[in-house]
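As a plain string of letters, each chain reads:
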Amino acid sequence: FSGRDWETSQDRGERRTEQSTERATPGCWPSRQIYISVFHLIHLQTACFMSRLLSSLQDMDREYVGFATLPNQVHRKSVKKGFAFTLMVAGESGLGKSTLVNSLYLTDLYNNRKVLNAEERIVQTVFITKHTVGIEEKGVRLRLSIVDTPGFGDAVNNTESWKEIEDYIDQQFEQYFRDESGLNRKNIQDNRVHCCLYFISPFGHGLRPLDVECMRALHDKVNIVPVLAKADSLTPTEVRRKKMKIREEMEKFGINIYQFPDCDFDEDEEFKQQEQLLKDSIPFAVIGSNIQVESKGRKFRGRLYPWGVVEVEDPAHSDFLLLRNMLVKTHMQDLKDVTRETHYENYRAQCIQNMTRMVVQERKRRLVLHTHTHTPTHTHRIDVHRTTQTHTH
Ligand code: GDP
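Residues numbered from 1 in each chain as written. Predicted model: local features only at pLDDT ≥ 70, side-chain atom pairs only at ≥ 80, totals over all residues. Heavy atoms only, no water.

- Within an unreviewed UniProt entry, the label attached to the protein chain reads Septin 4a, and the organism entered is Oncorhynchus mykiss.
- Under the heading Sequence similarities (unreviewed entry), UniProt records this for the protein chain: "Belongs to the TRAFAC class TrmE-Era-EngA-EngB-Septin-like GTPase superfamily. Septin GTPase family." (UniProt positions renumbered as here; feature names shortened; annotations may be inferred.)

## Side note on the overall build of the protein chain
Inference 1: Counting its secondary structure elements, the protein chain contains 11 helices and nine strands.
Inference 2: Relative to its full complement of 393 residues, the protein chain shows a buried share of 33%.
Inference 3: A sequence separation of at least 24 residues applies to 69% of the contacts in the protein chain between residues at least 6 apart.
Inference 4: Accessible surface, the protein chain as shown: approximately 26300 Å² in total, 54% of it carbon and sulfur. (Helix = DSSP H or I, 4+ residues; strand = E, 2+ residues; numbered from the N terminus. Buried < 20%, exposed > 50% of the residue type's maximum accessible area, 1.4 Å probe, protein only. Contact = heavy atoms within 4.5 Å. Areas by Shrake-Rupley, 256 points an atom, 1.4 Å probe, with all protein chains shown as cover.)

## Observations concerning unusual backbone geometry
Inference 1: Residue Ile282 is joined to Pro283 through a cis peptide bond whose omega torsion reads -10 degrees.
Inference 2: Looking at the secondary structure, you find Pro283 in the loop between helix 9 (269-281) and strand 6 (284-285).
Inference 3: Here the phi dihedral of Lys296 falls at roughly 50 degrees; this positive angle occurs in a residue that is not glycine.
Inference 4: Taking the relative accessible area as the measure of exposure, Lys296 reaches 83% and is therefore exposed.

## Examining the sheet that holds strand 9 (residues 308-311)
Strands in a sheet are paired, the pairing made by backbone hydrogen bonds, and the direction either parallel or antiparallel.
Inference 1: Read from one edge of the open sheet, three strands run 7-8-9, paired in antiparallel fashion. Among the strands making up the open sheet, the edge pair consists of strand 7 (292-295) and strand 9. Strand-to-strand, the axes of this sheet are offset by a mean angle of 70 degrees, without reference to chain direction. (Pairing = 2+ DSSP bridges. Axes fitted to C-alpha atoms, helices over the stretch in contact; angles between N-to-C directions.)

In structure tokens form, the structure reads like this:
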């Protein structure tokens, strides 16, 4: 019984009332009464139905404890607290690391950067710099830290030049471990490195020995995401071939890079396709730019060449958008989870194991010391005993 029908019948009722008033014949009254009774009956039924619906809703409310709002509570609390993410960039200088980071977060993170000259770089050892910025988007605050590794692979002798990077990652774990085991655990700042973008040169034939050694030294400590730098210097066929070669080499040398989590079977098709695309795109072929170019009436981040324009965010030109979506939109939390649950947990287990071993060794040492300090008295007593015995005999 829709509202429209109801109005029509009401209109009709009014019209009938007018007609009956016009005619004013006693024979019309019973039909009018029947009509009004039916109308009231319908009203009554609707009211009954509504009250039953209301009481069943109240019953449901009584059965509802309220934990369904938990995600909202977590969401509100997390937004209030803000998020922290630490990204490390590694790879030889000049591969476009700082340019890419600026393009990724649309900020100038390297405004007071000093680029070393060749002479300075010959003797340079890797030193680590950290830039932190607070970015806010739609009320969500992100404390983003970028750890740069200038000088990596720059010196004439690069033996163990990844050691500085390895030590830095360990130091952050150590700091977190201390904070976590300390008295004030409330406001621990998480400076652990959640992801390392490893830049691979587009000019070589796949991985260089330094890349292999460095990635192998770091893969158990940090989530490595390999990127093929300056992809605009390669043709699409070259990009495809290089990617395949790099993937093969990584497998051959047993390099464990960050693994995208498997999709749940009930995930929608679009999501599954997106995840597969991410897996197939490794290493991400990227292009960076710090400037905006204008072409065909549009302004965008890109690189202008005499033969054309490269648009950083165009999926046909590079995997930049895929990488940014992965880092920011879809996998930031997973990168943090893997850091906490796998890499940090390994470090923590190792630490506890070492500490236990040290305690056991210390106890053994004390026991030996104790035995040594008490041995002379014991020997003396035996000697006396022996002497006594000899005397008796
Ligand atoms: P970093 O030393 O690895 O941090 O490299 P920079 O970001 O300072 O970039 C070194 C040079 O490479 C600069 O002249 C950049 O303009 C240029 N560059 C950065 N990204 C790209 C890119 O994607 N393609 C090309 N062709 N050049 C780039």
